[in-house]
Structures are given as C-alpha cells and as structure tokens.
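Overview (structure and organization)
So you can see what is in the structure, the chains are spelled out below.
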Amino acid sequence: MSCDVKPGGMKRYLAGDIIFKEKEIHPYMYKVLKGSVALYVNHEKEHENVLGILEENRFFGEISMLTGRPQVYTAVALNDVLLMRVSEEQLESFLSENRGNTLGIMKSMAKIIVTQSLDISMLMEDLNEILKDLPDDNALDPKVVTRLKQYQLKYVEKTYNPEDSFFSAEV
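All values derive from a computational prediction rather than experimental measurement.

1. A short note on the overall build of the chain
- Assigned secondary structure in the chain consists of four helices and nine strands.
- N-terminal to C-terminal, the α/β element order of the chain is β-β-β-β-β-β-β-α-β-β-α-α-α.
- A total of about 11600 Å² of accessible surface is found on the chain, and carbon and sulfur atoms cover 55% of it.

2. A few points about the pairing of strand β5 (residues 37–41)
- The buried fraction of β5 is high, at four of five residues.
- Sheet topology places β5 next to strand β6 (residues 49–54); five bridges connect them, and they run antiparallel. Bridge pairing in β6 links Y40 to V50.
- As paired strands, β5 and strand β8 (residues 74–77) are joined by four bridges and run antiparallel to one another.

3. Describing the sheet that holds β6
- A sheet is described by the order of its strands in space; here four strands give the open sequence β3-β8-β5-β6, paired in antiparallel fashion. Both edges of this open sheet fall to β3 (18–20) and β6, since each of them pairs with a single strand only. Geometrically, the sheet is characterised by an average inter-axis angle of 30° between neighbouring strands, direction not taken into account.

4. Looking at the packing of aromatic side chains
- This model, assessed by the stated rule, comprises five aromatic pairs.
- Ring centres of F20 and Y73 lie 5.7 Å apart, and the angle between their planes is 40°; this geometry places the pair in the tilted category. In this pair, F20 sits in strand β3 while Y73 sits in the loop between α1 (62–67) and β8, placing the two residues 53 residues apart along the sequence. Pair check on accessibility: F20 and Y73 agree, each one buried.
- These aromatic residues form a ring-pair network of at least three members: F20, Y28, Y30, F60 and Y73.
- One cation-aromatic arrangement involves R85 over Y28; the distance from NZ or CZ to the ring centre is 4.2 Å.

5. A short note on unusual backbone geometry
- A positive phi angle, near 75°, is found at K23, a position not held by glycine.
- Tracing the backbone shows K23 in the loop between β3 and β4 (28–34).
- Residue classification places K23 among the exposed residues on the basis of a relative accessible area of 64%.
- Phi angles above zero are rare outside glycine, and E44 is one such case at about 55°.

The rules we used
- Residues numbered from 1 in each chain as written.
- Predicted model: local features only at pLDDT ≥ 70, side-chain atom pairs only at ≥ 80, totals over all residues.
- Heavy atoms only, no water.
- Helix = DSSP H or I, 4+ residues; strand = E, 2+ residues; numbered from the N terminus.
- Areas by Shrake-Rupley, 256 points an atom, 1.4 Å probe, with all protein chains shown as cover.
- Buried < 20%, exposed > 50% of the residue type's maximum accessible area, 1.4 Å probe, protein only.
- Pairing = 2+ DSSP bridges.
- Axes fitted to C-alpha atoms, helices over the stretch in contact; angles between N-to-C directions.
- Phe/Tyr/Trp six-rings, centres within 6.5 Å; stacked < 30°, edge-to-face > 60°.
- Lys NZ or Arg CZ within 6 Å of the ring centre and 35° of its normal.

Following this line, the structure appears as structure tokens:
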C-alpha cells in the first residue's frame with residue numbers, strides 16, 4: 001500500500017504497487033525521486049508490453065494531467081519508490097520553485113511525441129502495404145477491408161483537422 005510522506009507533495013509506493021492504470025483519468029504527474037517505475041500497455045493482459053523503465057529524476061503522467069484525458073499506460077513501482085506528485089493547479093508554482101525541472105518535463109513530453117509519431121508512421125506504412133496487397137478477387141472479407149480503410153481515413157481526418165485532434169484544448 002502507498003502512504004503519504006507530505007500531503008499533495010510526495011508519495012511512497014512499495015514494489016509492485018500500481019501508481020495509476022491505463023484508461024484511468026489521473027490528475028497528477030510524477031517525478032521519480034528514488035527507485036524505479038515501469039510503464040506498461042495492457043498490464044497483466046495477454047499482450048502486455050513494457051514501454052519503459054524510469055529511474056530517478058524522470059517524469060511521467062504529464063500528458064494526462066495536462067489534457068484531462070485517460071492514461072495511455074499503467075505505471076507500476078518496480079521497487080520501493082518515492083515520487084514527487086504535482087497536480088495541474090500546482091504546476092506553475094512547482095516550475096517557478098524548481099526551474100531545473102522544466103527541461104526534464106519538456107524532454108519527457110518530446111520523447112512521448114516522437115515515439116508516438118514513429119509508431120503511427122509504422123502503422124500507416126503497414127496499413128498501406130496491407131491495402132496495396134489486397135487480392136483483386138475479393139477473397140478477403142469486405143468488412144476487414146472496410147475497417148482498414150475507415151481506420152486510415154480516421155487518421156487522415158485527425159491529421160488535417162487539428163481543431164478535432166486529441167490535443168485541442170483551451171489554454
């Protein structure tokens with residue numbers, strides 16, 4: 001079980017504790033002060049993947065905190081960890097009191113953006129290859145073809161209509 005060290009500031013988690021779960025709206029970002037945290041997609045499911053292991057001075061959870069969107073991964077304490085917890089309301093004062101952390105947060109967010117962009121590019125290339133290689137004799141289930149084309153169109157719409165995109169939010 002986790003226990004507070006300082007209300008709203010620091011949290012301790014024991015090895016194996018789940019800090020937050022994928023698809024959960026969680027209003028905090030964290031900085032690892034001691035220990036390490038693993039980030040998983042499909043945690044404890046058939047297609048579980050480790051996205052990364054974060055050591056001291058690394059940040060996580062910032063995208064969900066800032067957008068109000070559900071987490072895209074599950075964060076789990078690999079060993080006993082001490083985390084600094086920051087809400088959106090605390091962010092401005094946190095950054096003004098800890099200026100050195102601004103670059104760390106920006107690097108964390110940039111890494112997420114680059115990784116997701118590469119993943120999307122590879123997925124789109126795969127979809128294009130699948131669509132290009134479809135047999136002309138309609139041997140493939142038309143529902144599958146339709147779903148692949150719909151997915152591709154959905155991606156294109158989000159790319160060319162930024163006001164409808166995931167990151168559209170009032171600032």
